[in-house]
Amino acid sequence: RIFTLVLAFSFAWTINASAKTEIEWLQGFAAENTRDFYEGLVDEFEAANPGISVKLVTQPFGKVRESIVTDSAIGVGSDVLGLNMPWTTGFLKSDILEPLDAYMSKGSNSFKTENLVQAPIGKINGKTWMVPLNAFPFVMHVNMDLVKKAGFSKPPSSWSELKEQAVAISNLGDGISGIGMPLSSQPPSNGPILTFLPLLYSNGGRIMDGTSPNFDNAKVVETLNFINDLKTSGAMAPGFASRTGGVDLEEFIAGRSGFLISPGVHASAVATRNPDLNYDLVRVPTNGVNAYRVHGWELGIASKSKHKEEAWKFIDFLLSKEVNAKVAKASRALPGNLDSLDLVSGGATPVMKTQMNILSGDEPVEELRQSPSAVASWSIMTEEMQSMLNGDQSAKEAASKVQSRWLDLIS
């Protein structure tokens with residue numbers, strides 16, 4: 001009788017275990033956190049959802065996109081995908097992503113759609129393809145010692161003030177520059193998306209009209225002219241054609257640059273690497289509009305997933321107020337669910353509170369998810385902006401050539 005009971009219990013346990021659904025989460029987020037934080041999130045989810053297990057697959061960020069594309073092509077792969085907005089257009093062409101509209105309309109979701117950071121969920125082809133796990137608003141980092149040494153009492157808030165202060169800081173000499181412009185043509189050639197786009201958005205401009213390239217418009221030309229003016233006036237650091245975003249960051253941390261336009265997440269690197277720097281963070285100086293380029297970590301569901309409902313349940317868990325606040329703190333970012341801001345604000349530094357004000361009050365923009373062949377389009381912008389800054393063409397000619405070459409990319 002005892003043997004029979006044990007056998008029956010064993011059989012029942014086997015049936016229960018086999019009934020558990022396993023989903024796979026492919027991402028690069030955990031590679032940037034070595035304290036087993038994401039493993040803990042998975043444990044928390046599984047404890048609340050005993051019928052679902054989550055396999056955490058972590059790869060370096062540079063490998064994630066390749067893995068998603070390869071896995072989809074051969075019909076295997078993960079259910080929940082850690083995404084980057086600029087991949088969107090390419091993934092849609094390859095039918096990699098599942099539309100999320102039906103899932104987001106569920107009344108049982110733990111979050112309100114209108115309270116998410118809006119840039120990633122904007123519709124493409126009439127549908128939403130990803131949701132924000134966290135967010136990094138692009139901001140301007142300020143060396144206050146250089147600002148004051150150049151004769152100013154506070155950071156610039158407008159384009160004209162930015163130019164005036166950057167010129168004065170460059171004139172201090174001793175290898176000091178006002179602002180860097182990273183336009184290296186070496187891959188990933190992403191300088192324009194780090195500096196040009198945040199300035200364009202603060203000018204009320206756009207590079208896309210929906211999913212159609214719209215680079216040769218008056219706002220783009222005006223922004224290119226401003227960048228050209230920074231160079232000719234001496235405000236810009238030399239060597240723009242070989243300068244990368246990494247060099248820009250290192251120069252700022254070392255105290256050799258007055259201003260750095262980059263994601264707010266770099267604030268932690270500045271504070272850690274040079275705690276003696278008299279440092280401030282402000283919104284990107286405006287030419288009439290308070291808008292910011294937003295970057296972050298996004299989540300989606302693979303179109304070939306066999307467990308889409310379970311995958312959404314896990315995503316919904318990650319976007320819930322308490323969990324999303326924990327993700328934001330662990331990644332030193334801001335939450336994708338703005339309802340979580342009050343949980344993140346406790347003990348936040350003034351620099352982080354400034355980012356929160358930008359995130360909750362200004363207009364978020366991210367057009368790279370709509371641009372044609374994102375990485376190739378960056379290279380084209382880089383090449384034409386280099387040519388403009390070298391004096392080989394005007395801002396209007398640069399804008400026209402980018403537009404023409406982007407249209408060629410599409411065709």
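Keep in mind that this is a model prediction, so the values were computed, not measured.

Asks: What is the right way to read the sheet that holds strand S4 (residues 131-132) from this model?
Replies: Strand order in the open sheet formed by five strands is S2-S1-S3-S12-S4, with mixed pairing between adjacent strands. The sheet is open, and its two borders are formed by strand S2 (52-58) and S4, each paired with just one other strand. The pairing of strand S1 (residues 21-27) with S2 spans seven bridges and is classified as parallel. Bridging from a neighbouring strand, Gln27 pairs with Thr58 of S2. Sitting on the sheet, helix H2 (residues 37-48) is in contact with S1 and S2, with an inclination near 170° to S2.

Asks: Could you clarify how one ought to interpret helix H7 (residues 159-170) in this entry?
Replies: An α-helix turns once every 3.6 residues. As a result, residues three or four positions apart point the same way. Taking 1.5 Å per residue as the helical rise, H7 with its 12 residues ought to reach 16 Å, and the 16 Å between its terminal C-alpha atoms agrees with that figure. Listed as buried for H7 are Trp159, Leu162, Gln165, Ala166, Val167, Ala168, Ile169 and Ser170. Looking at the packing, one finds that the buried side of H7 touches strand S5 (134-143), helix H6 (144-149), strand S6 (177-179), helix H9 (196-201), helix H10 (218-232) and strand S9 (257-263).

Asks: Please clarify how the environment of Ala291 should be interpreted in this entry.
Replies: Tracing the chain through its elements places Ala291 in strand S11 (residues 291-295). With 90 residues separating them in the primary sequence, Ala291 and Met381 have C-alpha atoms 21 Å apart. For Ala291, the contacting residues outside a window of four places in its chain are Tyr201, Ser202, Asp362, Glu363 and Val365.

Asks: Honestly, the packing of aromatic side chains in this entry has me stumped. Any pointers?
Replies: Think of a pair of aromatic rings as described by two things: how far the centres are apart, and how the planes are tilted against each other in angle. Scanning all chains against the criterion turns up 17 aromatic pairs. On the numbers, 5.8 Å between centres and 45° between planes, the contact of Trp87 with Phe91 is tilted. Chaining the aromatic ring pairs together yields one cluster made of Trp25, Phe29, Phe37, Tyr38, Phe45, Phe136, Trp297, Phe314 and Phe317.

Asks: Teacher, can you tell me more about unusual backbone geometry here?
Replies: Glycine aside, the phi torsion of most residues is negative, and most peptide linkages are trans. For the peptide bond that leads from Pro187 to Pro188, omega is 10°, which places it in the cis range. Inspection of the secondary structure assignment puts Pro188 in the loop between S6 and helix H8 (191-194). The phi dihedral of Arg332 falls on the positive side, at around 55°, and the residue is not glycine. Note on placement: Arg332 falls in the loop between helix H14 (321-330) and strand S13 (334-335).

Asks: What is the right way to look at the nonpolar core in this model?
Replies: It is characteristic of soluble globular proteins that their nonpolar side chains tend to be buried jointly. Within the largest apolar cluster, 56 residues are counted, with the highest numbers of intra-cluster contacts made by Phe196, Ile207, Phe215, Leu224 and Phe259. At seven residues, helix H17 (residues 374-389) tops the list of elements feeding residues into this core. Ala30, Tyr103, Val131 and Ile301 belong to the second-largest nonpolar core, a separate cluster that totals 35 residues.

Asks: Just to check I follow, could you spell out the side chain of Ser202 for this structure?
Replies: By the secondary structure assignment, Ser202 is in the loop between H9 and strand S7 (208-209). Engagement of the side chain of Ser202 in a polar contact is seen with the backbone oxygen of Leu199, the distance being 2.8 Å. Filtering out sequence-adjacent residues up to four positions away, Ser202 remains in contact with Trp159, Val284, Pro285, Thr286, Asn287, Gly288, Val289 and Ala291.

Asks: What is the right way to look at H14 in this model?
Replies: Taken residue by residue, H14 has Val323, Asn324, Ala325, Val327, Ala328 and Ala330 as its buried positions. On its buried face, H14 is in contact with H2, helix H13 (308-319), S13 and helix H15 (341-345). Count one or two residues on from H14 and you reach Arg332, which has phi positive near 55°.

Asks: What is the right way to look at the side chain of His141 in this model?
Replies: Structurally, His141 can be placed in strand S5. His141 has contacts with Phe252, Gly258, Phe259, Leu260, Ser262, Pro263, Gly264, His266, Ala267, Tyr279, Asp280 and Leu281, leaving out every residue within four places of it along the chain.

Asks: Help me out: how do you make sense of the pattern of salt bridges in this one?
Replies: Note on pairing: side chains with opposite charge can pair once their charged atoms come close. The final tally for this structure, using the stated rule, is 15 salt bridges. One salt bridge connects Lys106 with Glu309, and the closest N-O pair in it is separated by 2.5 Å. You can see Lys106 sitting in the loop between helix H5 (101-104) and S4 and its partner Glu309 sitting in helix H13, a full 203 residues away along the chain. On the accessibility criterion, Glu309 (46% relative accessible area) is partly exposed. The salt bridge partner of Glu366 is Arg293, with a shortest N-O separation of 3.1 Å. Of this pair, Glu366 sits in the loop between strand S14 (363-365) and H17 while Arg293 sits in strand S11, and the two are 73 residues apart along the sequence. Judged on exposure class, the residue Glu366 and its partner Arg293 are both buried.

Here is what the cut-offs are and how they apply
Residues numbered from 1 in each chain as written. Predicted model: local features only at pLDDT ≥ 70, side-chain atom pairs only at ≥ 80, totals over all residues. Heavy atoms only, no water. Pairing = 2+ DSSP bridges. Helix = DSSP H or I, 4+ residues; strand = E, 2+ residues; numbered from the N terminus. Contact = heavy atoms within 4.5 Å. Axes fitted to C-alpha atoms, helices over the stretch in contact; angles between N-to-C directions. Expected span 1.5 Å × (residues − 1). Buried < 20%, exposed > 50% of the residue type's maximum accessible area, 1.4 Å probe, protein only. Phe/Tyr/Trp six-rings, centres within 6.5 Å; stacked < 30°, edge-to-face > 60°. Core = buried A, V, L, I, M, F, W, Y, C linked by side-chain atoms within 4.5 Å. Polar contact = N/O pair within 3.5 Å; in protein donor to acceptor, adjacent residues only side chain to side chain. Salt bridge = Lys/Arg side-chain N within 4 Å of Asp/Glu carboxyl O.

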